Amino acid sequence: MNAFAALAALWRRFSARERSVIAAGALLAAAILLYVLLWEPGLAARRTLSSALPRLRAQLADMRLQREEIMALRRQIDAAARRGDLQTLLQASLRETAFAESVERVSALPDGGAQVLIGSAAFDAWVEWLERAQREFGVRLQSATITPPEPGGRARIEASFAARGVPTAGSTR
């Protein structure tokens, strides 16, 4: 005898009143399980999402504001690059560095770029200046030849720069 047949035989042995009590109990148990397993977790998730929604909307508004600021800064960088040629911008920026006395040459390249030759500069200071020049003027480092730093951490640097948006040789923009 299989389990289903055994349950059917047991069910038939109960009186009509017992069957209705068992059915009501099973229905109540099913309703409780439905509430505990589906309804309450759904309500909890809804409360969590409702509390998170204003914060997420505020973050979205902040991101949109930051995007507008970034776009404005990019327009300023593009305008700065158009106001003066790259050679002049780099010369002015290099005059404000700690290694300004080591700058041997800043020359214009035929493609609108510029080449910088620094006799002896602290490598860390040069990297800091490079980051600032990229951020403020939108210049892009095309190539650099850096001799290994001496024991004092100073290196000879020859670098070529291009304005942002100007394709480099070999690029497919």
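As the structure is a prediction and not an experimental result, all values here were calculated from the model. (Residues numbered from 1 in each chain as written. Predicted model: local features only at pLDDT ≥ 70, side-chain atom pairs only at ≥ 80, totals over all residues. Heavy atoms only, no water.)

Things to note about the overall build of the chain
Tallying secondary structure elements over the chain gives four helices and four strands in all. Counting every position in the chain, which comprises 173 residues, the buried fraction comes to 21%. Approximately 12,400 Å² of the chain is accessible, and the part contributed by carbon and sulfur atoms is 61%. (Helix = DSSP H or I, 4+ residues; strand = E, 2+ residues; numbered from the N terminus. Buried < 20%, exposed > 50% of the residue type's maximum accessible area, 1.4 Å probe, protein only. Areas by Shrake-Rupley, 256 points an atom, 1.4 Å probe, with all protein chains shown as cover.)

Digging into the nonpolar core
Membership of the largest hydrophobic core comes to 19 residues, with the highest contact counts inside it found for L90, W126, W129 and F161. Contributing elements (two or more residues each) for this core: α3 (86-94), β2 (114-122), α4 (123-137) and β4 (154-163). For this core, the leading source of residues is α4, giving five residues. With residues near it in sequence (within four places) discarded, L90 still touches V106, A114, V116, W129, V139 and F161. (Core = buried A, V, L, I, M, F, W, Y, C linked by side-chain atoms within 4.5 Å. Contact = heavy atoms within 4.5 Å.)

Considering the pairing of strand β1 (residues 103-108)
Relative to β2, β1 is paired through five bridges, and the arrangement is antiparallel. By the bridge assignment for β2, V103 is matched with I118. Remark: five residues form the turn of the hairpin made by β1 and β2, two consecutive strands paired antiparallel; G112 in that turn has positive phi of roughly 95 degrees. (Pairing = 2+ DSSP bridges.)

Structural notes on the packing of aromatic side chains
In this description, an aromatic ring pair is defined by two values, namely the gap between the centres and the angle between the planes. The full count for this structure, using the stated rule, is three aromatic pairs. The interplanar angle of 35 degrees and the centroid separation of 6.3 Å between the aromatic rings of F123 and W126 together place this pair among those described as tilted. With F123 and W126 both in helix α4 and three residues apart, this pair spans about one turn of that helix. With relative accessibility at 31%, the residue F123 sits in the partly exposed group. What makes W126 buried here is its relative accessible area of 3%. Ring centres of W129 and F161 lie 5.7 Å apart, and the angle between their planes is 90 degrees; on these two criteria the pair is classed as edge-to-face. Within this pair, whereas W129 is found in helix α4, its partner F161 is found in strand β4, the two being separated by 32 residues in sequence. For F161, a relative accessible area of 0% translates into the label buried. (Phe/Tyr/Trp six-rings, centres within 6.5 Å; stacked < 30°, edge-to-face > 60°.)

Some remarks on the side chain of S102
Within the fold, S102 resides in the loop between α3 and β1. Judged by its relative accessible area of 12%, S102 falls in the buried class. Apart from the residues lying within four places of it in its own chain, the contact partners of S102 are L117, I118, G119, S120 and R154.

Looking at the packing of α3 against α4
For the pair α3 and α4, interaxial distance at closest approach is 11 Å and the crossing angle is 135 degrees. With respect to each other, α3 and α4 are oriented oblique. The two elements α3 and α4 meet at a crossing, and its hand is right-handed. When α3 is examined against α4, the residues L89, L90, S93 and L94 are found in contact with a partner set consisting of W129, R132 and F137. Classifying every residue of the contact of α3 with α4 by side-chain character gives five nonpolar, one polar and one charged. (Axes fitted to C-alpha atoms, helices over the stretch in contact; angles between N-to-C directions. Parallel < 35°, antiparallel > 145°, perpendicular 65-115°, else oblique. Left-handed = near helix turned anticlockwise from the far one by under 90°. Nonpolar A, V, L, I, M, F, W, Y, C, P; charged D, E, K, R; others polar.)

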